[in-house]
Amino acid sequence: MIVKSQNKSKLLNFIKSIFPCLKKWIERFSICIGEIIYTNLPIAMNTVEHEQIHVDRRAKWPKWLRWMWYVLYFTFPVPILFAYFRWVEERAAYLYEIKYYGRSIPSVVDTLWHNYCWTWPRPWMTRWFEKQMKEFNEANGI
Ligand SMILES: [Zn+2]
């Protein structure tokens with residue numbers, strides 16, 4: 001995993017030039033393209049691990065099909081309806097942050113709702129995380 005300044009990304013600069021309205025939104029986040037994290041923020045270990053989970057999940061796809069990961073993530077179903085693929089990918093990374101970095105379920109659900117374009121209905125996300133944490137805590141005697 002490599003971390004670079006966001007202005008080093010030709011793709012992000014291109015997107016920002018075409019859609020200036022997205023500039024502030026993009027700059028609020030660390031964005032992983034391939035195995036490079038582009039960010040203007042101080043990089044935190046949980047961010048690196050979060051992005052590594054996406055990289056690892058994408059690596060399980062056949063190489064010739066990995067472009068499809070990005071299509072599904074960013075355009076399906078174009079945040080008009082709930083975005084199941086984005087929800088599935090992000091829940092894996094955010095579950096890790098809840099388990100090992102103490103993030104709260106409500107804050108993660110808020111993030112997924114507001115910052116990831118309504119990935120999945122909020123009560124369903126909450127229930128999914130609560131179920132996963134209940135199983136995790138039981139398995140670990142917590
Ligand atoms: Zn993510």
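Just above, that's the structure.
Our subject in this report is the structure included herewith. (Residues numbered from 1 in each chain as written. Predicted model: local features only at pLDDT ≥ 70, side-chain atom pairs only at ≥ 80, totals over all residues.)

Moving on, we come to the overall build of the chain. Secondary structure assignment for the chain yields seven helices and three strands. Seen in sequence order, the chain has helices and strands lined up from the N terminus as β-α-α-β-β-α-α-α-α-α. Projected onto its principal axes, the C-alpha coordinates of the chain cover approximately 50 × 30 × 30 Å. For the chain, buried positions account for 15% of its 142 residues. (Helix = DSSP H or I, 4+ residues; strand = E, 2+ residues; numbered from the N terminus. Buried ≥ 20, exposed ≤ 12 C-beta atoms within 10 Å, placed from the backbone.)

Looking now at the nonpolar core. Grouped together as the largest cluster of nonpolar side chains are ten residues: A83, W87, A93, Y94, V108, V109, L112, W120, M125 and F129. Mapped by element, the contributors of at least two residues to this core are helix 5 (84-101), helix 6 (105-114) and helix 7 (122-139). Residues within four places of Y94 in sequence aside, it is in contact with V108 and L112. (Core = buried A, V, L, I, M, F, W, Y, C linked by C-beta atoms within 7 Å. Contact = placed C-beta atoms within 7 Å.)

Function cannot be inferred from these measures alone, as they are strictly geometric.
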